[in-house]
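# Structural overview
Single-letter residue listing:
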Amino acid sequence: MNTQFSIAVHVLAAIANYKNTFTSEVLAGGVNANPVFVKRILVKLSKAKLLKTTVGKYGGYNLARDPKNISLLDIYSAINPPSAFAIHTYPELKWCIVSSNIKDVMGEILISSQEALENDLKRTTLADVVSSIRSKSK
C-alpha cells in the first residue's frame with residue numbers, strides 16, 4: 001500500500017494548521033515516519049510548487065500558496081502515486097472469451113475509477129482538510 005499521498009496531506013495540513021515553517025525532521029516526527037521517506041515527499045511537493053523551501057539555520061518548509069488554493073488533486077498529482085489497481089500482463093488465451101477481453105474491460109474500469117477519484121480530489125482543498133481536523137478536535 002502506498003502511503004505517500006496521505007503523508008503528503010498530513011505534512012501540508014500540519015504546516016497549514018500551525019502556519020509555521022517546519023524542518024523535514026520535525027515533520028517526519030509528527031508523521032512518525034522515516035525522515036528520508038518524508039524528505040522525498042517534501043521534495044516532490046516543492047517541485048510541484050506547493051511548498052517553499054528556506055535553507056539555512058532557520059530554514060524549513062512552508063506553504064507556497066494559500067490552503068484554499070491547494071486541492072487534494074494538486075497534492076495527489078505532485079506525489080504521482082500508483083493507479084488504484086494494476087492489470088495483469090499474463091498472455092491471453094485466444095480460445096477464452098474472458099481471457100481475450102479482460103484487459104480491455106479492466107482498462108476501461110481503471111480509467112473510469114481514476115477519473116472519479118481525481119474529480120473528487122479536485123473538489124476538496126487543503127483548507128477543507130484543516131477545517132475538518134479542527135472540528136474533530138473540539
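In the block above lies the structure referred to throughout.
Calculation rules
- Residues numbered from 1 in each chain as written.
- Predicted model: local features only at pLDDT ≥ 70, side-chain atom pairs only at ≥ 80, totals over all residues.
- Heavy atoms only, no water.
- Pairing = 2+ DSSP bridges.
- Helix = DSSP H or I, 4+ residues; strand = E, 2+ residues; numbered from the N terminus.
- Buried < 20%, exposed > 50% of the residue type's maximum accessible area, 1.4 Å probe, protein only.
- Arc of directions from axis to C-beta.
- Contact = heavy atoms within 4.5 Å.
- Axes fitted to C-alpha atoms, helices over the stretch in contact; angles between N-to-C directions.
- Parallel < 35°, antiparallel > 145°, perpendicular 65-115°, else oblique.
- Left-handed = near helix turned anticlockwise from the far one by under 90°.
- Nonpolar A, V, L, I, M, F, W, Y, C, P; charged D, E, K, R; others polar.

### Some details on the pairing of strand β2 (residues 60-63)
Bridge count between strand β1 (residues 51-54) and β2: 4 bridges; the pairing is antiparallel. Its bridge partner being in β2, T53 is matched across the sheet by Y61. In this antiparallel pair of consecutive strands, β1 and β2, the connection spans 5 residues, and G56 shows a positive phi of 110°.

### Overview of helix α6 (residues 126-136)
Looking at α6, one finds that the buried residues are L126, V129 and V130. The buried residues of α6 occupy an angular sector of 95° when projected down its axis, which confines them to one face. The elements touched by buried residues of α6 are α1 (4-18), β2 and α4 (72-79).

### Some details on the packing of α1 against α4
Contact geometry of α1 with α4 gives a least axis separation of 9 Å together with a crossing angle of 125°. The angle between the axes of α1 and α4 places the two elements in the oblique class. In the crossing of α1 with α4, the sense of the turn from one axis to the other is right-handed. Residues Q4, F5, A8, V9 and L12 of α1 pack against L72, I75, Y76 and I79 of α4. Its residues placed into classes, the contact of α1 with α4 shows 8 nonpolar, 1 polar and no charged.

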